[in-house]
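Chain and residue survey
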Amino acid sequence: MEQHGPAESIVIDSVSKRFTLRHARSIREMTIRAVRRQDLSESFNALDDVSLTVYQGETVALMGLNGSGKSTLLKMISGVMRPDRGSVRVRGRIAGLIDVGAGLHPDLTGRENVYLNGAILGMSEAEIKRKFDAIVEFSGVERFMDNQVRFYSSGMFMRLAFSIAAHTEPDIFLIDEVLAVGDPPFREKCLQRIRELRGEGRTMVIVAHDIQMLTRLCDRGVTLRKGKVVFDGDPAEAGRLWREDRQARQTSLKADAVR
Ligand SMILES: Nc1ncnc2c1ncn2[C@@H]1O[C@H](COP(=O)(O)OP(=O)(O)OP(=O)(O)O)[C@@H](O)[C@H]1O
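Residues numbered from 1 in each chain as written. Predicted model: local features only at pLDDT ≥ 70, side-chain atom pairs only at ≥ 80, totals over all residues.

As a further point, take the packing of helix 4 (residues 125-139) against helix 5 (residues 154-166). Interaxial distance between helix 4 and helix 5 falls to 8 Å at its minimum, and their mutual angle equals 140 degrees. Helix 5 is crossed by helix 4, and the crossing has right-handed handedness. Contacts between helix 4 and helix 5 involve I135, F138 and S139 from the first element and R159, L160, S163 and I164 from the second. Per-class residue counts for the contact of helix 4 with helix 5 are 4 nonpolar, 2 polar and 1 charged. (Axes fitted to C-alpha atoms, helices over the stretch in contact; angles between N-to-C directions. Helix = DSSP H or I, 4+ residues; strand = E, 2+ residues; numbered from the N terminus. Left-handed = near helix turned anticlockwise from the far one by under 90°. Contact = placed C-beta atoms within 7 Å. Nonpolar A, V, L, I, M, F, W, Y, C, P; charged D, E, K, R; others polar.)

Next up, the structure:
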């Protein structure tokens, strides 16, 4: 008899992404590099043949050192960036908190952003109206709803962005480092909301540098190293590998410093 396991929520198949780094920014620098016969730019794989299937209801932590490709992978899943090679398929509504702006427009007020961002994330006007009070209350920035968000502190900004995204009832919720911003009580509230979404069977992919928190929150850990998946499984083990990489990087930085 055919077995039906959990449905596939995100299927990343052999994805690669190359970026070009320019070494010289001014004409003077370019001339010096040209005279020294140094390359003006260099390209590298931010993601190198990454394959990953996330099933509905899983909470996956992406771990890895700075520059290992975590954010690039989230951007591929959200569709804001396309792979050079390979494919990404997702099923359902996605809400992502993955860019510095987190989808909020600085010139608009908090209130206007709830409507605009809510609509961008797929909510109907009626749905936004219905959830408006809950979004504002959760964010804790009630008093500033009629101020332009350019005047918000980074914590207030992320509170509102998180609150809008977390109320869209997404099938897939992508979170990049937002939990690092904001005060501890709000952070706890976010974690509680993530647990609720998890309990509702939503799929989540989370990037954070707080490995302890990730280990508690997630049921699967994926470690990236220079754009490659080097581990996929128990979040505690994924975290251990990340610590190992961090230790190695610190040791090599210290060695460079004494040279
Ligand atoms: N648009 C871009 N153009 C050129 N290089 C980029 C671009 N976006 C990312 N990179 C580079 O690609 C590599 C992977 O970046 P990415 O942001 O995915 O890493 P990360 O693991 O999320 O790092 P962090 O923990 O610092 O956020 C880095 O070397 C980064 O500098």
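After presenting the structure, the write-up continues.
With that settled, consider the site of the ligand. Neighbouring the ligand are F19, A46, G64, N66, G67, S68, G69, K70, S71 and T72. In terms of residue count, helix 2 (residues 70-78) provides more of the shell around the ligand than any other element does, 3 residues in total. Class assignment of the residues belonging to the shell around the ligand gives a composition of 2 nonpolar, 7 polar and 1 charged. (Near = placed C-beta within 6 Å.)

The sheet built from 6 strands is open, its strands ordered 5-6-7-3-8-9 with mixed pairing. A single partner strand is all that each edge strand has here, and the edge strands are strand 5 (94-97) and strand 9 (228-233). On average, each strand axis in the sheet is tilted by 15 degrees relative to the strand beside it, whichever way the strands run. (Pairing = 2+ DSSP bridges.)

All right, on to helix 3 (residues 110-120) then. Because each turn of an α-helix spans 3.6 residues, side chains separated by three or four positions end up pointing in the same direction. Three or more residues of helix 3 are buried, namely G110, N113, V114, N117 and G118. Down the axis of helix 3, the buried set is contained in an arc of 120 degrees. They therefore lie on one face. Of the surrounding elements, those touching the buried residues of helix 3 are helix 4 and helix 5. Of the residues flanking the end of helix 3, it is G122, one or two places downstream, whose phi is positive at about 100 degrees. (Buried ≥ 20, exposed ≤ 12 C-beta atoms within 10 Å, placed from the backbone. Arc of directions from axis to C-beta.)

With respect to the helices and strands, R216 occurs in helix 7 (residues 211-217). Of the residues examined, R216 has 12 C-beta atoms within 10 Å and is grouped as exposed. A sequence separation of 30 residues divides R216 from R246, and the C-alpha atoms of the two residues are 20 Å apart.

This part covers the pairing of strand 7 (residues 203-207). For a regular strand, side chains alternate in direction, first toward one face of the sheet and then toward the other. Burial within strand 7 is extensive, with 5 of its 5 residues counted as buried. Of the two faces of strand 7, both are covered, the one formed by T203, V205 and V207 as well as the one formed by M204 and I206. As paired elements, strand 3 (residues 59-63) and strand 7 share 4 bridges and run parallel to each other. When the sheet's bridge partners are listed, A61 is paired in strand 7 with I206.

With that settled, the discussion passes to the environment of I98. For I98, the position within the fold is in the loop between strand 5 and helix 3. You can call I98 buried: it has 24 C-beta atoms within 10 Å. Measuring from C-alpha to C-alpha, the distance between I98 and L174 comes to 6.9 Å, with 76 residues separating the pair along the chain.

A separate point is the confidence of the model for the protein. Per-residue confidence for the protein gives a mean pLDDT of 87, with 92% of residues at or over 70. Among the scores for the predicted complex, ipTM is 0.94 and pTM is 0.84. (pLDDT = per-residue confidence, 0-100.)

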